Amino acid sequence: QLEPVPPDRTMARLCTNSFNYEHTGRAGFEAAARLVRECPAYALTFGALDAAIALVRPSFRDKATLERSYESVPRVRAIERKLVQLFKSLLQNAGDAIEPGHKDKNRISIAVRRQADRVEVVIRDTGHGLSEDAKSHLFEPFFTQKPGALGLGLAAAHGIARSFGGELTLTETS
């Protein structure tokens, strides 16, 4: 059961006031639609996760088993499509870290839980891990160890998390 979402009149007023009502016709409609898409709302973490899973699961379906553990958590203040982008980047990296074969032993697990006044999403994989050099540059733009990759996914995910008052951290386990 989710907690009731309190009204946020300040954000609604900010978003409404940002739109120039002198726009008319299609251009005005498109500007209003863009504005609405960019206004943070109370997003359901599960929906964003499930959308991201649907996008990237084909890339690791034959390499790892997906495990989910979702506790009841409140909605988070975010732009849902940005959450999808964040989770997509994390899941894609988890899948890329796992070598093909041994699907029965390889896992990508997602846990959603409440931690005090925050929602915590933990994504774990049984991949090959990271070198010390990679750990120190993990969220830097253009840093990558994947051939043909641009190195923007985790940097963008890190920025998205911070833009909504969150954080993205690496925790290694043995």
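The structure displayed is predicted, hence computed values, not measured ones. (Residues numbered from 1 in each chain as written. Predicted model: local features only at pLDDT ≥ 70, side-chain atom pairs only at ≥ 80, totals over all residues. Heavy atoms only, no water.)

1. Details of the environment of Gln92
For step 1, the next point in the chain: Checked against the element boundaries, Gln92 lands in helix α4 (residues 80-96).
For step 2, the next point in the chain: For Gln92, a relative accessible area of 22% translates into the label partly exposed.
For step 3, the next point in the chain: Between the C-alpha atoms of Gln92 and Phe60, which are 32 residues apart in sequence, the distance is 8.3 Å.
For step 4, the next point in the chain: In contact with Gln92, other than residues within four places in its own chain, are Val56 and Ser59. (Helix = DSSP H or I, 4+ residues; strand = E, 2+ residues; numbered from the N terminus. Buried < 20%, exposed > 50% of the residue type's maximum accessible area, 1.4 Å probe, protein only. Contact = heavy atoms within 4.5 Å.)

2. So, the sheet that holds strand β5 (residues 118-125)
For step 1, the next point in the chain: Taken together, three strands build an open sheet; the order of strands is β2-β4-β5 and the sheet is mixed. What marks the edges here is a single partner per strand, and that holds for β2 (65-70) and β5. Taking each pair of neighbouring strands and ignoring which way they run, the sheet shows an average axis angle of 10 degrees.
For step 2, the next point in the chain: Inspection of the sheet shows β2 paired to strand β4 (residues 107-115) by six bridges, in the parallel sense. Note that in β4 the partner of Thr65 across the bridge is Arg107.
For step 3, the next point in the chain: This element, helix α3 (residues 45-60), spans β2, β4 and β5 of the sheet and lies at about 175 degrees to β2.
For step 4, the next point in the chain: Lying on the sheet, α4 is in contact with β4 and β5; it crosses β5 at an angle near 25 degrees. (Pairing = 2+ DSSP bridges. Axes fitted to C-alpha atoms, helices over the stretch in contact; angles between N-to-C directions.)

3. Some remarks on the pairing of β4
For step 1, the next point in the chain: Of the pairings in the sheet, the one linking β4 to β5 comprises eight bridges and is antiparallel in character. The residue bridging Ser109 from the neighbouring strand is Arg124, located in β5.

4. Topic: α3
For step 1, the next point in the chain: Here α3 is 16 residues long and its end C-alpha atoms lie 22 Å apart, about the 22 Å a rise of 1.5 Å per residue gives.
For step 2, the next point in the chain: The sharpest bend along α3 reaches about 40 degrees and sits at Ala54, with the proline Pro58 one to four residues further on.
For step 3, the next point in the chain: Every buried residue of α3 is accounted for by Thr45, Phe46, Ala48, Leu49, Ala52, Ile53, Val56 and Phe60. (Expected span 1.5 Å × (residues − 1). Bend = angle between axes of the 7 residues up to and from the residue.)

5. Structural notes on the nonpolar core
For step 1, the next point in the chain: One finds Leu66, Leu86, Phe87, Leu91, Ile108, Ile110 and Val112 to be the most contacted residues of the largest nonpolar core, which totals 28 residues.
For step 2, the next point in the chain: Among the secondary structure elements, those contributing two or more residues to this core are α3, α4, β4 and α6 (153-163).
For step 3, the next point in the chain: Leaving out residues up to four positions away in the same chain, Ile110 has contacts with Leu49, Ile53, Leu66, Glu67, Arg68, Ser69, Tyr70, Leu91, Val121, Val122 and Ile123. (Core = buried A, V, L, I, M, F, W, Y, C linked by side-chain atoms within 4.5 Å.)

6. Points about the packing of α4 against α6
To describe two helices that pack against each other, one gives the angle between their axes and the distance between the axes.
For step 1, the next point in the chain: One way to put it is that α4 packs onto α6 with a least axis distance of 9 Å and a crossing angle of 140 degrees. Considering their axes alone, α4 and α6 lie oblique with respect to each other. Between α4 and α6 lies a crossing of left-handed hand. Contact residues: Lys82, Gln85, Leu86, Ser89, Leu90 and Asn93 in α4; Gly153, Leu154, Ala156, Ala157, Ile160 and Ala161 in α6.
For step 2, the next point in the chain: Among the residues making up the contact of α4 with α6, the classes are represented as seven nonpolar, four polar and one charged. (Parallel < 35°, antiparallel > 145°, perpendicular 65-115°, else oblique. Left-handed = near helix turned anticlockwise from the far one by under 90°. Nonpolar A, V, L, I, M, F, W, Y, C, P; charged D, E, K, R; others polar.)

7. Describing the confidence of the model for the protein
For step 1, the next point in the chain: The predicted model of the protein averages 76 in pLDDT, with 75% of residues at 70 or higher.
For step 2, the next point in the chain: Averaged over each element, pLDDT in the protein is lowest for helix α1 (residues 9-18) (38) and highest for β2 (92).
For step 3, the next point in the chain: Low pLDDT, under 50, characterises residues 1-29; the stretch is placed with 24 contacts to residues that sit more than four places away or in other chains.
For step 4, the next point in the chain: Every residue in residues 31-36 is under pLDDT 50, and counting partners more than four places away or in other chains gives five contacts. (pLDDT = per-residue confidence, 0-100.)

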